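Residue strings, one per chain:
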Amino acid sequence: MASTNLLDSIHDPAELRRLPRTQLKGLADELRECVLQNVARTGGHLSSNLGTVELTIALHYVFNTPQDRLVWDVGHQTYPHKILTGRRERMPTLRQLGGISGFPRRDESEYDTFGTAHSSTSISAALGMALAARQKGEDRKAVAIIGDGAMTAGMAFEALNNAGVERDARLLVVLNDNDMSISPPVGALNRYLAQLMSGNFYAAAKNVGKTVLGPVPPLLELAKRLEQGAKGMVVPATLFEKFGFNYIGPIDG
């Protein structure tokens with residue numbers, strides 16, 4: 001059995017945020033092993049959760065959960081989230097009678113901000129939370145984590161349409177594009193996302209710039225500040241920028 005020294009010390013995300021960043025890769029290895037061991041006993045969704053280990057750690061590390069709200073669209077990807085939010089000892093009861101749910105449940109944990117399976121509701125729910133926080137004067141952020149399969153639903157586009165005009169809403173949308181839904185995704189949006197992923201020209205230009213300007217830190221810092229504008233010169237604005245979002249990516253997660 002693999003060592004879980006780091007994971008043993010994490011009982012809530014506040015403890016996670018006290019780790020130095022150099023230890024996060026080791027924590028991800030332990031977290032992935034924990035998912036494997038538990039799903040081997042109880043059954044459940046394996047590959048989708050192995051694919052969100054680093055993302056889950058990053059979100060809880062950067063955001064002040066549960067004050068900041070994480071809204072998972074694909075609820076069966078939340079096993080790492082459950083492990084990091086105080087439910088590791090209950091993981092052997094996953095999907096068992098009287099045990100913890102295989103999906104987020106608001107009555108199970110304050111970290112489960114929205115109960116869902118995979119119904120393309122995360123952006124609208126997170127937007128509602130962001131707007132409510134703004135109206136109440138609360139200092140909190142809302143994050144929607146949505147998959148490429150869920151993004152194809154009409155409700156997701158309605159939410160993007162509404163969010164794009166709420167300029168001061170503290171909303172982040174993470175599109176977890178693993179090129180998979182219940183079956184391989186099809187349609188025009190899938191084709192568009194594939195084109196984004198293959199946009200190697202901009203990535204290559206960016207890497208060349210880092211190599212050339214790396215020895216001159218002031219110029220490299222200036223280049224970083226100009227990067228967003230330069231991207232618009234090299235590649236067309238993305239669909240998401242047309243909706244009013246500042247799009248960053250794609251990023252190899």
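In what follows, the structure referred to is the one given above.
This one's a predicted model, so the numbers in the text were calculated from it and none came from an experiment. (Residues numbered from 1 in each chain as written. Predicted model: local features only at pLDDT ≥ 70, side-chain atom pairs only at ≥ 80, totals over all residues. Heavy atoms only, no water.)

J.: Which residues make up the pattern of salt bridges, and what are the values?
T.: On inspection of all chains with the given rule, the structure shows 13 salt bridges. Between Asp112 and Arg87 there is a salt bridge; the shortest N-O distance is 2.8 Å. Taken as a pair, Asp112 in the loop between α6 (79-87) and α7 (122-136) and Arg87 in helix α6 lie far apart in primary sequence, 25 residues in all. Using a relative accessible area of 3% as the deciding quantity, one classes Asp112 as buried. (Salt bridge = Lys/Arg side-chain N within 4 Å of Asp/Glu carboxyl O. Helix = DSSP H or I, 4+ residues; strand = E, 2+ residues; numbered from the N terminus. Buried < 20%, exposed > 50% of the residue type's maximum accessible area, 1.4 Å probe, protein only.)

J.: Pulling in residues and values, what's your account of helix α3 (residues 24-42)?
T.: The end-to-end C-alpha distance of α3 is 27 Å, a good match for the 27 Å that 19 residues give at a rise of 1.5 Å each. Within α3 the residues assigned to the buried category are Leu24, Leu27, Ala28, Glu30, Leu31, Cys34, Val35, Asn38, Val39 and Thr42. Mapping the buried residues of α3 onto a view down its axis gives an arc of 165 degrees, with all of them on the same face. Relative to its buried face, α3 has exposed residues pointing more than 90 degrees away, namely Lys25 and Ala40. Buried positions along α3 lie against α1 (5-8), α2 (13-16), α4 (47-50), α5 (53-62) and α6. Of the residues one or two after α3, Gly43 is the one with positive phi, at around 80 degrees. (Expected span 1.5 Å × (residues − 1). Arc of directions from axis to C-beta. Contact = heavy atoms within 4.5 Å.)

J.: Describe the packing of α7 against helix α8 (residues 154-163), listing the residues and the values that go with them.
T.: Between two packed helices, both the angle of their axes relative to each other and the distance between the axes serve to describe the pair. At a closest axis distance of 7 Å, the pairing of α7 and α8 adopts a crossing angle of 30 degrees. Between α7 and α8, the interaxial angle falls into the category roughly parallel. Mapping the contact onto sequence places Ile123, Ser124 and Leu127 in α7 and Met155, Ala156, Ala159, Leu160, Asn162 and Ala163 in α8. Here the contact of α7 with α8 is built from residues that sort into 7 nonpolar, 2 polar and no charged. (Axes fitted to C-alpha atoms, helices over the stretch in contact; angles between N-to-C directions. Parallel < 35°, antiparallel > 145°, perpendicular 65-115°, else oblique. Nonpolar A, V, L, I, M, F, W, Y, C, P; charged D, E, K, R; others polar.)

J.: Go over the pairing of strand β2 (residues 142-147) with me, naming the residues and quoting the values.
T.: With 6 of 6 residues buried, β2 is to be regarded as a mostly interior element. Across the two faces of β2 the burial is the same, with Ala142, Ala144 and Ile146 and Val143, Ile145 and Gly147 all buried. Here β2 runs beside strand β3 (residues 171-176); their pairing, made up of 6 bridges, is parallel. Bridge pairing links Ile146 to Leu175 in β3. A crossover connection joins β2 to the parallel β3 through α8; in handedness this β-α-β unit is right-handed. (Pairing = 2+ DSSP bridges. Right-handed = clockwise from strand over helix to strand, strands pointing away.)

J.: Now, about unusual backbone geometry: what can you tell me, with residues and values included?
T.: Thr65 connects to Pro66 through a cis peptide bond whose omega is 5 degrees. With respect to the helices and strands, the residue Pro66 is situated in the loop between α5 and β1 (69-72). Not every positive phi belongs to a glycine, and Arg95 is a case in point at roughly 60 degrees. With respect to the helices and strands, Arg95 occurs in the loop between α6 and α7. By relative accessible area, Arg95 is classed as partly exposed at 43%.

J.: Describe in detail α5, supporting the description with residues and values.
T.: Of all the residues in α5, the buried ones are Val53, Thr56, Ile57, Leu59, His60 and Tyr61. Considering only its buried residues, α5 is in contact with α2, α3, α4, β1, α6 and β2.

J.: Residue-level account of the side chain of Gln77, with values.
T.: Mapped onto the fold, Gln77 is located in the loop between β1 and α6. What makes Gln77 buried here is its relative accessible area of 6%. Beyond its immediate stretch of four places on either side in the chain, Gln77 contacts Ser48, Asn49, Thr52, Trp72, Asn176 and Asn178.

Geometry only, nothing functional implied.
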